[in-house]
Structures are given as structure tokens and as C-alpha cells.
Amino acid sequence: MADEAHGGGLEFHPMDQFIVKPWFGEVGDPVHWYTITNVTVWLAIAVLAVMGLMVLATSKRAVVPGRGQSIAELLYGFVYKMVEDVTGKDGIKYFPYIMTLFMFILCANFLGLIPMAFTTTSHIAVTAILGFGVFFAVTILGFVKNGASFLGLFWVSSAPLPLRPVLAIIEIISYFVRPVSHSIRLAGNMMAGHAVLKVFAGFAQVTAIAPVAILGVMAIYGLEILVSAIQAYVFTILTCVYLKDALHPAH
């Protein structure tokens, strides 16, 4: 929020909401080999939210589904269709992993919109684990399924022969940039949106512009709900694209 500065003005600290705070002790304290922080708490809550929606809400398997089961079935069908359309029938066996990624990111993004909550997906440490996890998984899978022919992913056979070595270098660089862009995209979008939201919330304390600031908060909040869903979708569909390259590497 905004604090009154000594000069009587307003001082904004929109990035304070991303500070990792321990619940007890201090981060890095040798006495506590593991310190629970606001990050770990909200990561655990996100996991519990996924379990609650996908396990508890569907446990009865009612013929006429309730709200929770309806939402779970809708999300299940949405991701299943995405995996099937992008990767083909060969990629269906990896659906559980992709579904888990989608649900975790979606729940973490939405939980971050709760006032006083912590947006775990705004931290590059969290999204990098997800991004590099996908990168290593599809790379290992590519070599396991295709052997040395997986390297055909970098050889553009349809291009003129003199250009193929140059294009191969570009393809290799772009391939190793994938986990970086994959993780930064998600963290950057979540951090930027929440920072702007807090700035507008700070301006709402100024009486003269409070009505405009409150309308701005409402508009940004609505946009953040949309962005939270879109970023989960983008991360998941890119995972499907990378999986498709691992299963069918030839250009």
C-alpha cells in the first residue's frame, strides 16, 4: 500500500508484496534447517486447492454433477483436448503431467488475487523450476524416444543447403532459450499486474483522485483474473508444443 512520507506526500512500495518473509526464525538461519515462509505456505495452499477441486469435488462422481465436479470436468476436458490436438494421440500418455502443471499454475495465479495473499507464480524461482522441469523432461524424452534422430529437430531440411548450418545454430540457441522465456513470461506477467494493482490501490488513498483510482483497481483486477487464466493456458500449450517436438522432431 501507500505510506505517508515525512513530507506529507504518498510513498508507494508496490514491490514489497513480493518479499519472501519467514513465519518464524530467519531465512538462512543455521538453527532452522528449514524455514516456513509465505511462499511455501501459499505453494502448499495451491496444492491443496488442486486436490480439493480435482479429488474431493469429484469423489462422488455424481451423474448430475455439482458445481465443483462440473468445473473439474470442464477443466479436464479442456486440457485433454489441448494435449490431443497439439501433440496427437502419442502425447495422451503424458496428459497427467500437463494437467497437473495447468491446475497448479491456475490455482496459484487465482489464489494470488486474494487480498493479503502471496502470488507464488510471480517469483522466478518458482516458475524457473516449472520451466526447466518441462525443458529437461521433453529433452530426455526426445532422446529416449528418438535417439540421435532427435537432433533432426535442429536441422531444417526444407531450407536451401547453404542456409541449413546457420539455421541449425539459430534453432539450437532458440531451443536452449525455451526454459528461460517459458519461466520469465509467467513470472513477469504476474509480477507486473500485481505491482500496477498495488499502485492504483495506493492512489485510492488520495481523496481527490480516489474515485478514478478505485475504478482503476476494479479494471486492473478484472484484467488480472483474465491474465491469470491466460498465463496458465499459455504455459500449458507451450509445454504441449515442446512435447510435440520431442515426439516428432523431424522438420
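A short tour of the structure in this document, coming up. (Residues numbered from 1 in each chain as written. Predicted model: local features only at pLDDT ≥ 70, side-chain atom pairs only at ≥ 80, totals over all residues. Heavy atoms only, no water.)

## Notes on helix α2 (residues 67-87)
At step 1: The terminal C-alpha atoms of α2 lie 30 Å apart, and with 21 residues this matches the ideal 30 Å at 1.5 Å per residue to within 8%.
At step 2: Of the positions making up α2, those classed as buried are Q69, A72, L75, V79, M82, V83, V86 and T87. The buried residues of α2 all sit within an arc of 165° when viewed along its axis, so they share a single face. Looking at α2, the residues exposed on the side facing more than 90 degrees away from the buried face are R67, L74 and D85.
At step 3: At the exit of α2 stands G88, carrying a positive phi of roughly 85°. (Helix = DSSP H or I, 4+ residues; strand = E, 2+ residues; numbered from the N terminus. Expected span 1.5 Å × (residues − 1). Buried < 20%, exposed > 50% of the residue type's maximum accessible area, 1.4 Å probe, protein only. Arc of directions from axis to C-beta.)

## Side note on unusual backbone geometry
At step 1: Positive phi is not limited to glycine here, since M116 has a value of about 75°.
At step 2: Assignment of secondary structure puts M116 in the loop between α3 (95-111) and α4 (124-146).

## Brief notes about the environment of A168
At step 1: As for its placement among the helices and strands, A168 is situated in helix α5 (residues 164-203).
At step 2: For the pair A168 and F154, spaced 14 residues apart in sequence, the C-alpha to C-alpha distance is 5.0 Å.
At step 3: In this view, A168 contacts F154 and W155; residues no more than four positions away in its chain are not counted. (Contact = heavy atoms within 4.5 Å.)

## Description of the packing of α3 against helix α6 (residues 210-247)
At step 1: Closest axis-to-axis distance for the α3/α6 pair is 9 Å, and the angle between their directions is 160°. Between α3 and α6, the interaxial angle falls into the category roughly antiparallel. In this structure, the crossing between α3 and α6 has a hand that is right-handed. On the side of α3, the interface is formed by I98, L101, F102, I105, L106, N109 and F110, while α6 contributes I225, S228, A229, Q231, A232, Y233, F235, T236, T239, C240 and L243.
At step 2: Taken together, the residues of the contact of α3 with α6 break down into 13 nonpolar, 5 polar and no charged. (Axes fitted to C-alpha atoms, helices over the stretch in contact; angles between N-to-C directions. Parallel < 35°, antiparallel > 145°, perpendicular 65-115°, else oblique. Left-handed = near helix turned anticlockwise from the far one by under 90°. Nonpolar A, V, L, I, M, F, W, Y, C, P; charged D, E, K, R; others polar.)

## Points about α3
At step 1: In this model, α3 (17 residues) spans 24 Å end to end at C-alpha, consistent with the 24 Å of a helix rising 1.5 Å per residue.
At step 2: Summarising burial for α3: 13 of the 17 residues are buried, a large majority.

## Let's talk about the packing of aromatic side chains
At step 1: In total, this model carries 14 aromatic pairs according to the counting rule given.
At step 2: Geometrically, the ring pair formed by F154 and Y175 is edge-to-face, given 5.3 Å between the ring centres and 85° between the ring planes. A residue pair is termed long-range when its members are at least 10 positions apart, and F154 in the loop between α4 and α5 and Y175 in helix α5 qualify at 21 residues. One exposure class covers both F154 and Y175, and it is buried.
At step 3: Between the aromatic rings of Y175 and F176, the centroid separation amounts to 5.8 Å while the plane-to-plane angle is 85°, which identifies the pairing as edge-to-face. (Phe/Tyr/Trp six-rings, centres within 6.5 Å; stacked < 30°, edge-to-face > 60°.)

## Description of the pattern of salt bridges
At step 1: One pass over the structure, following the stated rule, counts 3 salt bridges.
At step 2: Salt-bridge contacts for D85 lead to K81; the nearest nitrogen and oxygen are separated by 2.9 Å. Of this pair, D85 and K81 both sit in helix α2, 4 residues apart, roughly one helical turn.
At step 3: Residue classification places K81 among the partly exposed positions, given a relative accessible area of 45%.
At step 4: Note that E84 and K89 form a salt bridge whose closest N and O atoms lie 2.5 Å from each other. (Salt bridge = Lys/Arg side-chain N within 4 Å of Asp/Glu carboxyl O.)

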